[in-house]
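Residues per chain, in single letters:
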Amino acid sequence: MKTTITGLLFSLITVSAHAQTSPFFVFDNGLRGDQWTTIDAQLDLVQQIGFDGLSWRTDSPERVKQVLDGAQRRGLKVFAIYCNLDLKDGRMVYDPRLREIIALCKGSETMLWPNITSKQFPRSSPDGDEIAVAGLRELAELCEANGLRIALYPHVNMWLHRVEDAVRVVKKVDRKNVGLTFNLCHALLDGAEPRVAALIDEAAPHLFIASINGADSGAGPKEMARVIQRLDQGSYDVGAVLRKFDQVGFRGPIGLQCYQVPGPADEMLRHSMAAWRRLRAKRP
């Protein structure tokens, strides 16, 4: 009986631990190819591979609704809608469709996922903070009214270039529904490989969402093909990143970055999903 009870307790602990695993989703840039040209075909692929959902992009409201409804029917989530905010002529501007998209996402737990660009200010320049903060506070109010959060998306060579920039801006915005993203590929493209663990520590209090992919350790800032690979490829220890997420208590969604990863989508995604499962099985 003692052995049985001990085994049962161990099983319950294991189930509890796995229940806390971050949801794993795929970027829509991984859903390409002649066999997957329609939204339904793309959603079917997401479901067949075993992802918890996907991210989408700024699109017509009609197509966004089709993605949201189709995902819900399949038991999937649309975790984020990627968009662009631009600091221009003293204000923050964005695609006018975004307001309707935000309303469509009400109740879905979908996050707004913006990069921030500017021709007015150099990358990482705090001189753009005042405009960005004012615009983000306005957008945060609109999102809050619809139950949405905003996860800033640091992107190399844009104004919001680094994780450090996103942390600085999020602190100044000071709204509960505004946080940030840790993008492994963009950190590596910025030459931040030795500082990845420290960056995650810095981002952790504001971290809403993250992205990973296979990569080569030591790849240069222009070696895109080495910095974004299938999750089962590359010499970089992605498992260390996932362990660091666990260490800081991050349980938010993690996306698979697939930008320009070669090969048929289904093959690329199956290999990446198998790698994700192996990596998660190794968690403490």
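Rules behind the numbers
Residues numbered from 1 in each chain as written. Predicted model: local features only at pLDDT ≥ 70, side-chain atom pairs only at ≥ 80, totals over all residues. Heavy atoms only, no water. Helix = DSSP H or I, 4+ residues; strand = E, 2+ residues; numbered from the N terminus. Rg over C-alpha atoms; globule rule 2.2 N^0.38 Å. Buried < 20%, exposed > 50% of the residue type's maximum accessible area, 1.4 Å probe, protein only. Contact = heavy atoms within 4.5 Å. Salt bridge = Lys/Arg side-chain N within 4 Å of Asp/Glu carboxyl O. Axes fitted to C-alpha atoms, helices over the stretch in contact; angles between N-to-C directions. Parallel < 35°, antiparallel > 145°, perpendicular 65-115°, else oblique. Left-handed = near helix turned anticlockwise from the far one by under 90°. Nonpolar A, V, L, I, M, F, W, Y, C, P; charged D, E, K, R; others polar.

## A few points about the overall build of the chain
Then step 1. The helix and strand inventory of the chain stands at 11 helices and 9 strands.
Then step 2. Relative to the compact-globule value of 19 Å for 284 residues, the chain shows a C-alpha radius of gyration of 19 Å, a close match.
Then step 3. Across its three principal directions, the C-alpha atoms of the chain cover 70 × 40 × 40 Å.
Then step 4. By the burial criterion, 54% of the 284 residues in the chain qualify as buried.
Then step 5. Nonlocal contacts in the chain, meaning residues at least 24 apart in sequence, comprise 77% of its contacts between residues at least 6 apart.

## Things to note about helix 6 (residues 163-173)
Then step 1. Burial analysis of helix 6 places 8 of its 11 residues in the buried class, which makes it a mostly covered element.
Then step 2. Every buried residue of helix 6 is accounted for by Val163, Glu164, Asp165, Ala166, Val167, Val169, Val170 and Val173.
Then step 3. Buried-residue contacts for helix 6 involve helix 5 (129-145), strand 6 (149-152), strand 7 (178-183) and helix 8 (196-203).
Then step 4. Where helix 6 terminates, the next one or two residues include Asp174, which has phi positive at roughly 55°.

## Points about the pattern of salt bridges
Then step 1. In total, this model carries 23 salt bridges according to the counting rule given.
Then step 2. In this structure, Arg195 and Glu164 form a salt bridge, with 2.8 Å as the shortest nitrogen-oxygen distance. In this pair, Arg195 is assigned in the loop between helix 7 (184-189) and helix 8 and Glu164 in helix 6, connecting sequence segments 31 residues apart.
Then step 3. We classify Glu164 as buried; its relative accessible area is 16%.
Then step 4. Where Glu267 meets Arg230, a salt bridge forms, and the shortest distance between an N and an O atom there is 4.0 Å.

## Regarding the packing of helix 10 (residues 238-247) against helix 11 (residues 265-281)
Then step 1. As a packed pair, helix 10 and helix 11 sit with axes 10 Å apart at the nearest point and diverge in direction by 55°. It follows from the interaxial angle that helix 10 and helix 11 lie oblique. For the pair helix 10 and helix 11, the sense of crossing is right-handed. On the side of helix 10, the interface is formed by Val238, Gly239, Leu242, Arg243 and Asp246, while helix 11 contributes Trp276, Leu279 and Arg280.
Then step 2. Taken together, the residues of the contact of helix 10 with helix 11 sort by class into 4 nonpolar, 1 polar and 3 charged.

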